Amino acid sequence: MSKRVWPFAVALLCATSLGSQEPDRPAQLEGEVTRVGIAQIKIALAEPGGPSASLEAAELVQTVRDDLEFSGFFDVVDPSLYRLVPAAERPGEVRHDDWLSIGADALTLLRVELRDGRLAVEARLYDNPSRTLLFARRYGGERELVRRVAHQISSDLTLHYTGRPGVSLTRIAFVSKHGEGKELYLMDYDGQRVRRLTTTGTINLSPVWSPDGNRLAFVSWRGKQPGVYIYESDGSLTAAPVIEAELNSAPDWSPDGDRIVYSSDADGDPEIYVLDLASRRNTRLTRNPAIETAPAVSPNGREIAFVSDRSGGPQIYIMSAEGLNVRRVSRDSSYSESPAWSPRGDRLAYVSRYDGRFDIMVLDLATGGLSRLTHGEGNSENPSWSPDGRHLVFSSNRSGRYDIYSMRDNGTDVRRLTRGTDSLTPDWSD
């Protein structure tokens, strides 16, 4: 399960194997979807069996299908073909050859029941070519959290084939207008189950997840000046002990969660600082008369990307975690901002302005290769990577107002996640 532990969001799920029915992964499937050029897993998800919970069963299986299709690791066989598979003649029979005939190399069978208002789900994964049961597991949770149970099943399927759990259990934090202010919100990776986190009645911006997933650092105007605050997993808010200034903004966490980097104008012009949370010590990292802001710490903690106008206009720079060895990395536009490291630290997403509009770029730091992911469909801003590095989330006004969108890391499969008042500054959890 994801390490996210928000008490208002997490179901009391259990995922247990069914006795000795869970063999090791067969060697022929190991790493199948991680090697470049290897085809997606062709998988079928049969309609669930079970004596009850028909509405919940339909929602569960559709959510699992959506999760697997989104991941990019799976090719989900069209459910309209399932009618070509004859019904089993006896309990426990799996018609492997018939499923293979419609293109399903893998098969997931689900059984869904309601027991005293709680879901009881059994999932079985089969490899049809080898006629092998790969795993059999039970899941449980409150009835209203059927989507959470579905996301757990999807995560387990993805983990089985790739060695990583995928993104189905992840969350996206963002800001949306509420009344006269802007509040923090949380939603599932696919835009479902939106819930409001803060009720400050003021402006809150730029939420960013802590590495352990228990906290959000963000900027708020709830004090006399905009400052950095921390939203705890129990819903409480605390002011981060940053240096006193008229403007403290743009926080990011170190990979160990012990420090927060941010921008502050405490010494006159905005510079980059780092706060050690244990000692409450603030250290200034940059010393330049230009504006220095939007720091982003690399996944290994050794480097910090940031925005500076020291060359005349805003551009992306990288420096060591101690503030040394500063180098400029963006040169494609006269205006670039919002750097975001990929999970492996090999790529940097950022925003550049072209023809008066903002688009999202991805820079390969090893080769210098640059990819443009959006192409003038309104403004596209605030990129943030999914934890598997295969997708990004961003804000865009392409529909007329700002909403949150996701896309693959090559700019395809763009999906709109929010609909309503302006939604901004998303951050994707681990």
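That block above? That's the structure.
Read on for a plain summary of the structure. (Residues numbered from 1 in each chain as written. Predicted model: local features only at pLDDT ≥ 70, side-chain atom pairs only at ≥ 80, totals over all residues. Heavy atoms only, no water.)

1. So, the packing of helix H1 (residues 54-71) against helix H3 (residues 146-162)
Heads up, the rule is: Helix axes use the C-alpha atoms of the stretch in contact, all axes being lines fitted to C-alpha atoms, and the angles between their N-to-C directions lie in the range 0 to 180 degrees. Here a helix means four or more residues in a row that DSSP labels H or I, a strand means two or more in a row labelled E, and each is numbered from the N terminus. For this classification, under 35 degrees means roughly parallel, over 145 means roughly antiparallel, 65 to 115 means roughly perpendicular, and everything else is oblique. Crossings are assigned a handedness: left-handed for a near helix turned anticlockwise from the far helix by less than a right angle, right-handed for a clockwise turn. Two residues qualify as a contact provided that any one of their heavy atoms is within 4.5 Å of a heavy atom in the partner residue. Amino acid classes used here: Ala, Val, Leu, Ile, Met, Phe, Trp, Tyr, Cys and Pro are nonpolar; Asp, Glu, Lys and Arg are charged; the rest, including Gly, are polar.
Direction vectors running N to C along H1 and H3 enclose 40°, while the axes themselves pass 8 Å from each other. In this view, H1 runs oblique relative to H3, as classed from their interaxial angle. In this structure, H1 meets H3 at a crossing whose hand is right-handed. Every residue of H3 that contacts H1 at Glu56, Glu59, Leu60, Thr63, Val64, Asp67 and Leu68 is listed here: Val146, Arg147, Val149, Ala150, His151, Ile153, Ser154, Leu157 and Thr158. Considering only residue class, the contact of H1 with H3 consists of eight nonpolar, four polar and four charged.

2. Section: the sheet that holds strand E22 (residues 336-341)
Selection criterion: Pairs of strands are assigned from DSSP output, requiring at least two bridges between the strands.
What the four strands build is an open sheet, ordered E22-E23-E24-E25; its pairing is antiparallel. The sheet is open, and its two borders are formed by E22 and strand E25 (370-372), each paired with just one other strand. If you compare each strand with its neighbour and ignore which way they point, the axes differ by 25° on average. Here strand E23 (residues 347-354) pairs with strand E24 (residues 357-364) via eight bridges, running antiparallel. The residue of E24 that forms the bridge with Leu348 is Leu363.

3. Topic: the nonpolar core
The line we're drawing: Only buried residues count toward a nonpolar core. Its members are Ala, Val, Leu, Ile, Met, Phe, Trp, Tyr and Cys residues joined through side-chain atoms within 4.5 Å. Burial classes follow relative accessibility: with a 1.4 Å probe on protein chains only, a residue under 20% of its type's maximum area counts as buried, one over 50% as exposed, and anything between as partly exposed.
Ranked by size, the top nonpolar core spans 27 residues in total, and within it Ile43, Leu60, Val64, Leu68, Val121, Leu125 and Ile153 carry the most contacts. Considering each element in turn, this core owes the most residues, six residues, to H3. Apart from residues no more than four positions distant in its own chain, Ile43 is found in contact with Leu68, Phe74, Asp75, Val76, Val77, Ala106, Leu107, Thr108 and Leu125. The next biggest cluster of nonpolar side chains, apart from the first, holds 13 residues, and it includes Tyr82, Ala104, Leu107 and Ala136.

4. Quick look at the side chain of Asp403
Note the threshold: In protein, a polar contact requires one atom able to donate a hydrogen and another able to accept it; more generally it is a pair of N or O atoms within 3.5 Å, and residues adjacent in sequence count only if both atoms are side-chain atoms.
Within the secondary structure, Asp403 sits in strand E28 (residues 403-408). Using a relative accessible area of 0% as the deciding quantity, one classes Asp403 as buried. Among the polar contacts listed, one links the side chain of Asp403 to the side chain of Ser399, at a separation of 3.4 Å. The residues contacting Asp403, other than those within four sequence positions of it, are Phe394, Ser395, Ser396, Arg416, Thr418, Arg419, Gly420, Thr421 and Ser423.

5. Here's the deal with the environment of Phe174
Structurally, Phe174 is set in strand E7 (residues 171-178). Residue class for Phe174 comes out buried when judged on its relative accessible area of 2%.

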